[in-house]
Amino acid sequence: MKIFLTIHLLFTTSLFYAQDIKSNEAAYLLDSNLVSQITLKHLVSDEIESVNIKKNDTIINDKHFSGVVSITSKNPHKFDFLNLEQIKSEFTTIKKSDVVFMINGEIIKDNLNSVLLDRNYILKVEVINSQDFYKLRETSTKHEIINILGRTKENLDNKNKIILKGHESIGIK
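Described below are features of the structure shown in this document. (Residues numbered from 1 in each chain as written. Predicted model: local features only at pLDDT ≥ 70, side-chain atom pairs only at ≥ 80, totals over all residues. Heavy atoms only, no water.)

## As for the packing of aromatic side chains
Then step 1. Within the structure shown, the criterion is met by one aromatic pair.
Then step 2. Centre to centre, the rings of F79 and F81 are 5.2 Å apart; their planes meet at 20 degrees, and the pair counts as stacked.
Then step 3. Classification of F79 as buried rests on a relative accessible area of 12%.
Then step 4. Among the residues examined, F81 registers a relative accessible area of 27% and is labelled partly exposed. (Phe/Tyr/Trp six-rings, centres within 6.5 Å; stacked < 30°, edge-to-face > 60°. Buried < 20%, exposed > 50% of the residue type's maximum accessible area, 1.4 Å probe, protein only.)

Put into structure tokens, the structure is as follows:
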């Protein structure tokens, strides 16, 4: 019985712990550099020269991917990518680490270290205190919210609007 339990224990541990970490998502390469989907979401489509998709499984940096999406830009040297910590230190005076990042009002939940934004894409960086939100006023944790506004059509249009007493009045600043 001891031999059976020992073999069973060895089998189950090797079954669970000896497997590679496999991801169902594809690897995204921009000019041969691994980037996140969020980075590609905020890339100007006019800058893309070609897209190549390979359905073969691949391993990059010891992580298994179900395929590779290779994107070649028209001018690879044009991009000046910054990660979120670099944006925080360069565009704000915040020193603490309790920060929530948003891009165009969308909260960034995963892979904060892999999100890169082109410096030329950044229109404005807004810092909002959690006390400014009605539902967050009673919480004991206080953190800053960094909203990075990109050069989207909507953000550029809103930049030129003037608000008078809570009503929008279209005008040029």
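Anyway, onward from the coordinates.
## Remarks on the sheet that holds strand β6 (residues 68-73)
The strands that make up a sheet pair up through hydrogen bonds in the backbone, lying either parallel or antiparallel.
Then step 1. The sheet built from four strands is open, its strands ordered β2-β1-β6-β3 with mixed pairing. Of all the strands in the sheet, the pair left with one neighbour each is β2 (33-35) and β3 (48-54). Neighbour to neighbour, the strand axes of the sheet diverge by 30 degrees on average, direction disregarded.
Then step 2. Looking at chain direction, strand β1 (residues 27-30) and β2 are connected through three bridges and run antiparallel. Of the residues in β2, the one forming a bridge with Y28 is V35. (Pairing = 2+ DSSP bridges. Helix = DSSP H or I, 4+ residues; strand = E, 2+ residues; numbered from the N terminus. Axes fitted to C-alpha atoms, helices over the stretch in contact; angles between N-to-C directions.)

## A closer look at the layout of surface pockets
Then step 1. Computed from the structure, the largest pocket encloses a volume of approximately 380 Å³.
Then step 2. Lining the largest pocket are 16 residues, with E25, S36, Q37, N111 and S114 sitting closest to its centre.
Then step 3. Mapped by element, the contributors of at least two residues to the lining of the largest pocket are β1, β2, α2 (37-41) and β5 (63-65).
Then step 4. A breakdown of the residues in the lining of the largest pocket according to their chemical character gives eight nonpolar, five polar and three charged. (1 Å grid on protein atoms, 1.4 Å probe; cavity = no way out; pocket = protein on both sides within 12 Å on 5 of 7 lines; lining within 4 Å. Points joined across faces, edges and corners; volume = space filled by probe spheres on them. Nonpolar A, V, L, I, M, F, W, Y, C, P; charged D, E, K, R; others polar.)

## Section: the sheet that holds strand β8 (residues 99-103)
Then step 1. Spatially, the four strands line up as an open sheet ordered β9-β8-β12-β11, and their pairing is mixed. The open sheet has two free edges, formed respectively by β9 (106-107) and β11 (122-129), since each of these has just one partner strand.
Then step 2. By the bridge criterion, two bridges tie β8 to β9 in an arrangement that is antiparallel. Bridge pairing in β9 places I103 opposite E106.

## Considering the nonpolar core
Then step 1. In this structure, L84, I87, I146 and I148 are the most contacted members of the largest nonpolar core, which totals 15 residues.
Then step 2. Among the elements of the structure, α3 (84-91), β8, β11 and β12 (144-150) are those that each provide at least two residues to this core.
Then step 3. Top element by residues in this core is β8. It accounts for three residues.
Then step 4. If sequence neighbours within four positions are ignored, I148 has contacts with L84, I87, M102, I103, N104, L117, I122 and K124. (Core = buried A, V, L, I, M, F, W, Y, C linked by side-chain atoms within 4.5 Å. Contact = heavy atoms within 4.5 Å.)

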